[in-house]
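Descriptive structure summary
Residues per chain are reported as follows:
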Amino acid sequence: MSIETPVDQPEPPTNRPDPTHRMKEWFSRDYVRKIIAIFIVLTIIIIPIAWLVIHFLELSGGPASSIMEELETTIFVFTLVSAPLMAITAAVLVYSLFGWGSIKSEEPPMQENPAIRTNAVAVIGWTVATSLLAAFLVIWGMVELATITADSYGSTPASQQPNATKPIDVNVTGQQWVWTFEYPDQERIQSDVLVVPINTPIYFNVTSKDVIHSFWVVEMGVKIDANPGAVTNTGFTANKLGTFNIRCAELCGLHHAYMETNVQVVTQDQFDSWVREQGGKRTV
Amino acid sequence: MSQTAVIHEHKAVPQPKQHGKPGGFLAQANIFTGLIGGVVTAGVTYFIGDKLVPWGTQNADFSQVGLNALVFCTFVAWVIGFMAGIGAFAGPIRWALGHDLTHDDAEYMAGKGQGRMKYWKYTTDHKVVGIQYLVMALVLFGFGGFFAMLIRTELGATWREVFDPNFYNSLIGTHGIVMIIAMIIVVAGPLGNFIMPLMIGARDMAFPRLNALSFWLLFAAVPPLVLNLVLGGMRDGWTAYQPLGTQAPIGMIGYQVCIITFAFSTGIAGVNLITTIVTMRARGMTWARTPIFIIGTLAAAIMGLVWFPMFQYAQLLAASDKVIGTSFYIPQNGGSVWLYENLFWLLGHPEVYVIIVPATAGIMELMVVFLRKPLFSYKMAIVGFAGVVGISAVVWVHHMYMTGFAPQAGYPFMLSTELISIPFGFLVLVMLGTMWRGKAWNRLPMMIVYAVIFDKIIGGITGVYLSDVPVDQYMHGSMFVVAHFHYMLMGAGLFGAMAVIIYWFPKMTGRMFDERIGKIGFWTAFLAFQVTFLSMFVAGLQGMPRRVLQFDNAFEISNWISTIGAYFIGIGMLIFLYALITSWRNGKVAPSNPWGSKTLEWQTQTPVPLENFPVLPVVTSDPYGYGVPDPYLKVEEQLDKDDNETVGAR
Ligand SMILES: [Cu+2]
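Just so we're clear, the structure is a prediction, and the values are computed from it rather than from any experiment.

**Regarding the overall build of chain B**
Secondary structure summary: chain B contains 22 helices and one strand in total. A compact globule built from 650 residues should have a C-alpha radius of gyration of about 26 Å, and chain B, at 26 Å, falls within 12% of that. Principal-axis analysis of the C-alpha atoms places the extent of chain B at approximately 75 × 65 × 50 Å. When the 650 residues of chain B are sorted by exposure, 65% land in the buried category. Across chain B, every contact between residues at least 6 apart in sequence was considered, and the portion connecting residues at least 24 apart equals 81%. If you sum the accessible surface of chain B, you get close to 23100 Å²; carbon and sulfur atoms cover 69% of it. Charge-centre separation for chain B: the mean point of 38 positive side chains lies 10 Å from the mean point of 35 negative side chains.

Written as structure tokens, this is what we have:
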């Protein structure tokens, strides 16, 4: 069998510029360069938003736990990776408004613009870029979720935790419109303020007496709904001394707004004496 | 013009006999007989229930089952009585009696020869229904916006409670659900009804009588909802979580009857839109030649039709807990609060796309016109909408990350939530590609498109945070979420709807929209919107929970800013509304195609005649044949290209 090209077949076009040449030509266009410049400027503007966001998050004194710290890292990383896509969108927007010019007229303009129906490179490039971004966000999110689940002890009861420091169980009960904290291992003392020792894992069994509430320990980055008829779990290890906020994050009726209290992170000694004051004793 | 015409001319076809005047009962019925019918039926029901039936059984838990049942029956009686009074049952009853509608009857019902009165009647013409939906949406935005002003007043007055907590809680819930209903209907209602059949070259919707039914059911659904404010309130957010809803006063029942009725309306409208789009496109309008707005409307109608029943059943079971003492959602008796949350969010999330998708598709339609360019990658837009519809079915749990009902569910639903950003990304590329190298015709609808894309960037980046379970652990239930969804629903959805409405305004009203005043209103609202909600993001980040009426001093400043911003949104919207109303009443008379657009609705005359087109159009290409060949391409490359697929340089 012959693999000779038949003579009457037309020559493949030779005057077609090669891809690198076409790319060079494209990047040499005035509007492409300007859009790239705007894109870079916008990316540089968007990224610091991460710090701004974290600054506002920390205004009330956090982060006070490793969970909150990881959450801030996530916000930072997510801003970083999605900034380019936001910036390219904004760059085209800005250039469309001010670069390609506009037509002011009452009548439909006669002048028409380039009939660009589609473009394989743009479509494929965009799809790949957004898919990679989504994949990154998913993977990061899942790893992060596993980490904070471990940090808050997820669904593993405190008694099975392998940690060196013995965790403290706290039963949290929401009811319209107060939080009650019960320490089952400290002779069931009860308190309407959460007092926890620093650097000790705290494990919460959360439930509600009436409607749905949501137990939100703000500066710890921890939140779980308090449901009637069910017990949900979460936890944290405080790593900063001080007084932080606990709020109800689910509309629970008339005085939802006032359903807030504090968590006091204290030293182990202070915690022990607080327990004694309350009439319980530290059971180690 | 062959067979059909011959059959039409055949004299021997027997016509149904005309009974009395054309229209029959419908000639007498209008909104006033409807209101009378509704009020009388409700009153009689209340009287009979109150005096003759032994009510008053006490529910084991919270509330009076008897009173609840009485109120529920009264509201349902209102809906049925109203629909009977306006003549919704006239058609079925006539068929049951064997009296077919004649051609004259049908024309009467379509509003022939009734002047302005047809807007107050059970009129089947899709153009009338479209206008009715538009006015209804404006009324609902009026209510919702007024409630928003009251809410911001409470939150701005940080030193005192302006309203009592029960009224305030009812206010936030009513604001939420009124706005949600308004947003669901504002594009798919006026434009899906008025413009869509014109755009596909049809004479009417597939089921004209169902069209009237869907609108008047919506109309009947609203009074029970708004009345809740004087019936003790609903005291719950628009989500109406249980068992809080079971505790709530009888106003809650108004909400439930409203949703149950509204879901019927949506389902009927959905069937009608889908059937019309699938079966009634003009000859030659293949799927690939169908305008993208039609595709977007179809996508929204599919999602509404499939998911609204979830919401309806959620409320039906909730009402049953209140009214007949069941305990679907009452844990003490074996119910589950998580059941309600799941049913609710099964619609609750797709509903966001029911709002966003038609507005986005409408924006694409007008970008093409104002940029004088073809839509960039029609196929990508199709895949984008299809992807949104498909994935929308499996993202609802991202509203429930913190409920604790399934801690492991965070993983798969984080995956689906991130995945849905890919088809949305496609839609963004379609818009950017359409803008690429276009000189825009500088008119208000196009300027609003830029504003919408800007809002989508902010809504997008904050959405990226919220889709992540760990971050959501902080953000969930905070003002950050409120700000985010206002960016999506108002910044992208409502502003997009405004662009789309003023684009089609000349065709719908026969008048040009006054852009000079409209512009002032829109930009005031837009800038004030940024102030209000950027500031609200800050409050959320600082840890302010949503739906509160008092809060820490730490959030004071950002709330003051938000309140001032909100007042200016109100002022801007009123200016815009003024422009809309004055243009409608005495604006410049519009030519039939003021934008030089290529879609079919602009090819018929304005005002649109009763059956839309003198001769039904035949379609030979897609409507995006704008533009000159790309000057950057060499001549021989141009010749290579397929006519339909003119590939431009990047
Ligand atoms: Cu609460």
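**Topic: the domain arrangement of chain A**
Residues and elements named next belong to chain A. Along its sequence, chain A is carved into domain 1 (21–101 + 121–151) and domain 2 (163–277). Taking the mean C-alpha position of each, domain 1 and domain 2 sit 36 Å from one another. On the domain 2 side, the residues contacting the twelve residues of domain 1 number 13 residues. The junction of domain 1 with domain 2 conceals about 880 Å² of combined surface from both sides, 47% of it contributed by carbon and sulfur atoms. Together, Ser60, Ala64 and Ile67 form the three largest contributors to the area buried by domain 1 at its contact with domain 2, with a combined 46%.

**Comments concerning the side chain of A:Ser96**
Positionally, A:Ser96 belongs in helix 4 (residues 66–98). Residue A:Ser96 is classed as buried on the basis of its relative accessible area of 1%. A distance of 2.6 Å separates polar atoms of two side chains, one belonging to A:Ser96 and the other to B:Tyr450. Setting aside its immediate chain neighbours within four residues, A:Ser96 contacts A:Gly101, B:Met435 and B:Tyr450.

**As for the coordination of the copper ion**
All names here are of chain A. In the first shell of the copper ion, the protein supplies His213 (ND1), Cys248 (SG), Cys252 (SG) and Met259 (SD), at 2.0 to 2.5 Å from the metal. Taken together, the four donor atoms coordinating the copper ion span angles of 88 to 131° at the metal, a pattern that classifies the geometry as tetrahedral. The motif formed by the donor residues of the copper ion, counted along the single chain, is H-x34-C-x3-C-x6-M. The residues Cys252 and Met259 share a single accessibility class, namely buried.

**Some thoughts on the domain arrangement of chain B**
Interfaces are often sized by the accessible area lost when the parts come together. All names here are of chain B. The domain architecture assigned to chain B consists of domain 1 (18–113) and domain 2 (126–639). For domain 1 and domain 2, the distance between their C-alpha centroids amounts to 30 Å. Between domain 1 and domain 2, the residue contacts involve 26 residues of the former and 29 residues of the latter. Taken together, the links from domain 1 to domain 2 amount to two residue pairs in polar contact (both at pLDDT 80 or more). Among the elements of the structure, helix 2 (31–52), helix 3 (65–86) and helix 5 (103–109) are those that each provide at least two residues to the side of domain 1 that touches domain 2. At 13 residues, helix 3 tops the list of elements feeding residues into the side of domain 1 that touches domain 2. Tallied by class, residues from the side of domain 1 that touches domain 2 come to 20 nonpolar, three polar and three charged.

**Some details on the pattern of salt bridges**
Under the defined criterion, the tally for this structure stands at ten salt bridges over all chains. As a salt-bridge pair, A:Arg247 and B:Asp552 come within 3.0 Å of each other at their nearest N and O atoms. With A:Arg247 in strand 10 (residues 242–248) and B:Asp552 in the loop between helix 20 (515–541) and helix 21 (556–586), this residue pair bridges two chains. Under the relative-accessibility criterion, B:Asp552 is labelled partly exposed at 24%. A salt bridge links B:Glu515 to B:Arg443, with the shortest nitrogen-to-oxygen separation between them at 2.9 Å. Here B:Glu515 is found in helix 20, whereas its partner B:Arg443 is found in the loop between strand 1 (440–441) and helix 17 (444–466), with 72 residues between them in sequence. One exposure class covers both B:Glu515 and B:Arg443, and it is buried.

What counts, and at which threshold
Residues numbered from 1 in each chain as written. Chains lettered and ligands numbered in written order. Predicted model: local features only at pLDDT ≥ 70, side-chain atom pairs only at ≥ 80, totals over all residues. Heavy atoms only, no water. Helix = DSSP H or I, 4+ residues; strand = E, 2+ residues; numbered from the N terminus. Rg over C-alpha atoms; globule rule 2.2 N^0.38 Å. Buried < 20%, exposed > 50% of the residue type's maximum accessible area, 1.4 Å probe, protein only. Contact = heavy atoms within 4.5 Å. Areas by Shrake-Rupley, 256 points an atom, 1.4 Å probe, with all protein chains shown as cover. Lys, Arg positive; Asp, Glu negative; His and termini not counted. Charge placed at Lys NZ, Arg CZ, Asp CG, Glu CD. Domains from an automatic or database assignment. Buried area = accessible area lost by both parts, 1.4 Å probe. Polar contact = N/O pair within 3.5 Å; in protein donor to acceptor, adjacent residues only side chain to side chain. Donors = N, O, S within 2.8 Å, 3.2 Å for Na, K, Ca; no water. Tetrahedral: all angles 85-135°; square planar, octahedral: opposite > 155°, others 65-115°. Nonpolar A, V, L, I, M, F, W, Y, C, P; charged D, E, K, R; others polar. Salt bridge = Lys/Arg side-chain N within 4 Å of Asp/Glu carboxyl O.

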